[in-house]
Amino acid sequence: MLTFYFSKGSSALAAHILLIETGTAFTATEISIPNGDHRNTAFLRRNPKGRIPVLDTPDGLLTENPAILEYIAATHPEAGLLPKGPYPQARARALCAYLCATAHVAFAHLHRGARWASKEASLDDMRARVPDNLADCAAHLETDLPFSPGLWGPPLPSAIPISSSSPAGWKAQASTLPPTPNLPNTAPQCAHVRPCNRP
Ligand SMILES: N[C@@H](CCC(=O)N[C@@H](CS)C(=O)NCC(=O)O)C(=O)O
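Calculation rules
- Residues numbered from 1 in each chain as written.
- Predicted model: local features only at pLDDT ≥ 70, side-chain atom pairs only at ≥ 80, totals over all residues.
- Heavy atoms only, no water.
- Disulfide = S-S within 2.5 Å.
- Helix = DSSP H or I, 4+ residues; strand = E, 2+ residues; numbered from the N terminus.
- Contact = heavy atoms within 4.5 Å.
- Near = heavy atom within 4 Å.
- Polar contact = N/O pair within 3.5 Å; in protein donor to acceptor, adjacent residues only side chain to side chain.
- Areas by Shrake-Rupley, 256 points an atom, 1.4 Å probe, with all protein chains shown as cover.
- Nonpolar A, V, L, I, M, F, W, Y, C, P; charged D, E, K, R; others polar.
- Domains from an automatic or database assignment.

Applying the stated rule across the entire model yields zero disulfides. Between Cys100, a cysteine without a disulfide, and Cys96, which holds the nearest cysteine sulfur, the sulfur-to-sulfur distance is 8.4 Å.

On the secondary structure map, Thr3 appears in strand β1 (residues 2-6). Residue contacts for Thr3: discarding those within four places in its chain leaves Thr27, Thr29, Val54, Leu55 and Asp56.

In this section: unusual backbone geometry. At the junction of Ile52 and Pro53, the peptide bond is cis and its omega measures out at 5° in the coordinates. In this structure, Pro53 sits in the loop between α2 (41-46) and β3 (54-57). The phi dihedral of Glu64 is positive, around 80°, even though this residue is not glycine. Position of Glu64 relative to the elements: it lies in the loop between β4 (60-63) and α3 (65-75).

Before going further, it helps to examine the site of the ligand. The full set close to the ligand counts 13 residues, and Arg51, Ile52, Glu64, Asn65 and Arg115 are the nearest of them. Within the side chain of His38, one N or O atom sits 3.2 Å away from an oxygen atom of the ligand. Measuring from an oxygen atom of the ligand, one finds a side-chain N or O atom of Arg115 at 2.4 Å. Considering the ligand on its own, with 510 Å² of exposed area, one finds that the protein chains cover 89% of that surface. Across the shell around the ligand, the residue classes break down as four nonpolar, five polar and four charged. Both domain 1 (2-79) and domain 2 (86-190) contribute no fewer than three residues apiece to the shell around the ligand.

Without other data, these values stay purely geometric and don't point to any function.
Structure follows, in structure tokens:
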């Protein structure tokens with residue numbers, strides 16, 4: 001039995017969706033980021049990084065969205081979540097890496113700037129850049145990355161783009177984003193293709 005640690009409205013949604021869609025037996029434990037549960041001693045013992053999501057597997061703990069998503073894909077080959085062949089697989093990993101290491105970090109500059117700077121003026125400056133940086137990410141995802149059936153599961157890899165980059169964050173910035181008809185950038189838009197992806 002797996003245990004999945006999540007916070008509502010966080011990037012944990014992507015893995016949560018895949019756990020449900022693959023019919024995995026798991027227990028979900030809420031660690032509320034708004035309530036500060038991710039900084040509690042008990043949770044920090046589990047994940048000293050103090051981040052969500054965490055997946056407790058029979059082999060040990062897993063952190064980092066791309067690793068957790070790939071673990072679910074690898075343990076459910078019948079679900080066809082990871083495409084076949086080195087190049088399609090590398091493209092799928094490129095998508096997850098971009099969301100995790102670029103888009104998510106761009107959004108983190110809104111509320112987590114203190115990780116990188118301490119002067120109030122620097123924090124203000126970082127916050128001010130968030131809409132443009134997220135718009136760049138959305139435009140890049142819209143045009144350059146593959147959103148085809150078969151990439152992280154049919155009919156759309158919806159769980160990955162909207163969730164690994166924090167649906168709440170994208171939604172908060174939605175008015176500043178360029179039109180992205182190929183990129184389902186809010187949870188409600190994806191609800192019809194991935195029914196468990198409801199806010
Ligand atoms: N690189 C990590 C990032 C995880 C992460 O930053 N998660 C956010 C929630 S979306 C979090 O735990 N935030 C709490 C904090 O930054 O203190 C991943 O992809 O899993």
